[in-house]
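Here are the chains, one letter per residue:
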Amino acid sequence: MPGLAECQSLLRLLIARGDPKAIPLARGAIDEFLNTAPASVRGRGLRVLQRDALDQHDAAVGVQRSFAETVDAYIERKLAEE
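Residues numbered from 1 in each chain as written. Predicted model: local features only at pLDDT ≥ 70, side-chain atom pairs only at ≥ 80, totals over all residues. Heavy atoms only, no water.

Visitor: Sorry if this is basic, but what is going on with the packing of helix H1 (residues 4-17) against helix H2 (residues 23-36) here?
Guide: A pair of packed helices is captured by two measures, namely the crossing angle of their axes and the spacing between those axes. Running from amino to carboxyl end, H1 crosses H2 at an angle of 170°, the nearest separation of the two axes being 9 Å. Viewed along their axes, H1 and H2 adopt a mutual orientation that is roughly antiparallel. Of H2, the residues touching H1 (which contributes Leu-4, Cys-7, Leu-10, Leu-11 and Leu-14) are Leu-25, Ala-26, Ala-29, Ile-30 and Phe-33. Among the residues forming the contact of H1 with H2, the class breakdown is 10 nonpolar, no polar and no charged. (Axes fitted to C-alpha atoms, helices over the stretch in contact; angles between N-to-C directions. Helix = DSSP H or I, 4+ residues; strand = E, 2+ residues; numbered from the N terminus. Parallel < 35°, antiparallel > 145°, perpendicular 65-115°, else oblique. Contact = heavy atoms within 4.5 Å. Nonpolar A, V, L, I, M, F, W, Y, C, P; charged D, E, K, R; others polar.)

Next up, the structure:
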């Protein structure tokens, strides 16, 4: 899937940092994936990203956990739009 690995890597890094100021970067990465991926794979790619964010959420604490929850919620909204 075009851009999925790059998006996933960036989201992992951003979640690990947990900086709330980086939320627009996370949303931008997800949007970029959606803009470049073929329509037929967008939903599946979003679910891969969501699963990864939830895995990080389970291992995270504090701001990292909150950031992962924010990423998950944004992905959930995008899935509803698909």
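Visitor: Would you explain the side chain of Gln-8 in this entry?
Guide: When you line up the elements, Gln-8 lands in helix H1. Those residues in contact with Gln-8 that sit more than four places away from it in its chain are Val-48, Leu-49 and Asp-52.

Visitor: Can you help me understand the environment of Gly-3 in this one?
Guide: With respect to the element layout, Gly-3 can be found in the segment before H1. When its relative accessible area of 27% is taken as the criterion, Gly-3 is described as partly exposed. Here the alpha-carbon distance between Gly-3 and Ala-53, two residues 50 residues apart in the chain, equals 16 Å. (Buried < 20%, exposed > 50% of the residue type's maximum accessible area, 1.4 Å probe, protein only.)

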